Amino acid sequence: HHGDHEIMFHVAPMLPKMENAEQQLVRKRRIGNDITCIVFQDGGQFTPPIESQVLHNYIVVSPIVHKGVTFYKVSVARRQTVEKFGPPLALPSVYERNATLRTYLLTKLVNANLAAMRSPGLASKIAYPAKMAFLNGLVEKYAPSKSRSCLLYTSDAADDRISVDLGGR
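Just so you know, these numbers come straight off a predicted model, no measurement behind them.

Glycine aside, the phi torsion of most residues is negative, and most peptide linkages are trans. The residue after Gly86, namely Pro87, is reached through a cis peptide bond having omega -5°. Of note, Pro87 is situated in the loop between strand E3 (69-78) and strand E4 (94-96). Leu91 connects to Pro92 through a cis peptide bond whose omega is -5°. Inspection of the secondary structure assignment puts Pro92 in the loop between E3 and E4. Notably, Lys67 is not glycine yet its phi reads approximately 55°, a positive angle. Within the element layout of this structure, Lys67 appears in the loop between strand E2 (57-66) and E3.

Structure below.
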């Protein structure tokens with residue numbers, strides 16, 4: 001947990017590995033369905049390791065050892081449809097390994113997810129179905145079975161707000 005947000009980490013090296021599967025599709029499917037991915041990278045240039053319709057942000061963390069002390073360089077790669085999100089990267093974006101870095105990364109991760117969920121392509125795939133499932137759950141739980149037939153759910157595609165038509169009641 002970070003604040004009011006529950007975070008789940010899919011650690012690629014810890015996911016089950018299929019011995020005869022060259023592509024490792026089970027691993028890719030798990031991580032490819034995440035919205036934001038933290039990549040721990042030892043040197044080299046970052047290239048997104050997975051193509052996905054869902055994955056919108058990468059937070060890249062690279063270790064730097066200076067005089068025997070480990071620091072971490074943090075960078076962000078995001079799709080063009082995702083707005084910038086905070087907290088902003090320091091210049092240079094090198095941080096000491098401590099509780100402040102942990103809090104910074106978790107906050108950046110949560111904000112990355114929230115920004116991606118507001119992006120046009122992802123909002124229609126995730127936010128709308130989630131809102132519909134929530135409303136359907138409310139109807140099932142609280143509406144008497146006789147009045148359920150008069151409920152009609154619609155979406156205004158322009159701003160993705162959900163309206164409920166109670167059939168003139």
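The discussion continues.
The subject of this paragraph is the confidence of the model for the chain. Put simply, the chain has an average pLDDT of 74, and 62% of its residues get 70 or more. The spread of mean pLDDT over the elements of the chain runs between strand E6 (residues 161-165), the lowest at 40, and E4, the highest at 94. A low-confidence stretch, residues 148-169 stays under pLDDT 50, and its non-local contacts, those more than four residues away or across chains, total 39 contacts.

In this model helix H2 (residues 99-117) runs 27 Å from its N-terminal to its C-terminal C-alpha over 19 residues, within 8% of the 27 Å that 1.5 Å per residue would give. Those residues of H2 that fall on the buried side of the exposure criterion are Leu101, Tyr104, Leu105, Leu106, Lys108, Leu109, Val110, Ala112, Ala115 and Ala116. With a side-chain oxygen positioned 3.0 Å from the backbone nitrogen of Thr100, the residue opening H2 is Asn98.

It is worth spelling out a nonpolar patch on the surface at this point. The grouping of Phe134, Leu138 and Tyr142 at the surface amounts to a nonpolar patch, some 350 Å² of accessible area in total. Within the secondary structure layout, Phe134 lies in helix H3 (residues 120-142). Judged by its relative accessible area of 54%, Phe134 falls in the exposed class.

You can see Ser119 is positioned in the loop between H2 and H3. Exposure remark for Ser119: the relative accessible area of 1% places this residue in the buried category. Here the side chain of Ser119 touches Ala116 through a polar contact of 2.6 Å, landing on its backbone oxygen. Every residue in contact with Ser119, bar those within four places of it in the chain, is listed here: His56, Thr81 and Val82.

A few words on the environment of Val94. Tracing the sequence through the fold places Val94 in strand E4. Along the chain, Val94 and Ser62 lie 32 residues apart, while their C-alpha atoms are 9.2 Å from each other. The residues contacting Val94, other than those within four sequence positions of it, are Ile64, Phe71, Tyr72 and Lys73.

The rules behind these values
- Residues numbered from 1 in each chain as written.
- Predicted model: local features only at pLDDT ≥ 70, side-chain atom pairs only at ≥ 80, totals over all residues.
- Heavy atoms only, no water.
- Helix = DSSP H or I, 4+ residues; strand = E, 2+ residues; numbered from the N terminus.
- pLDDT = per-residue confidence, 0-100.
- Contact = heavy atoms within 4.5 Å.
- Expected span 1.5 Å × (residues − 1).
- Buried < 20%, exposed > 50% of the residue type's maximum accessible area, 1.4 Å probe, protein only.
- Polar contact = N/O pair within 3.5 Å; in protein donor to acceptor, adjacent residues only side chain to side chain.
- Patch = residues over 30% accessible without salt bridge, like charges linked within 9 Å, V, L, I, M, F, W, Y side chains within 5 Å.
- Areas by Shrake-Rupley, 256 points an atom, 1.4 Å probe, with all protein chains shown as cover.
- Salt bridge = Lys/Arg side-chain N within 4 Å of Asp/Glu carboxyl O.

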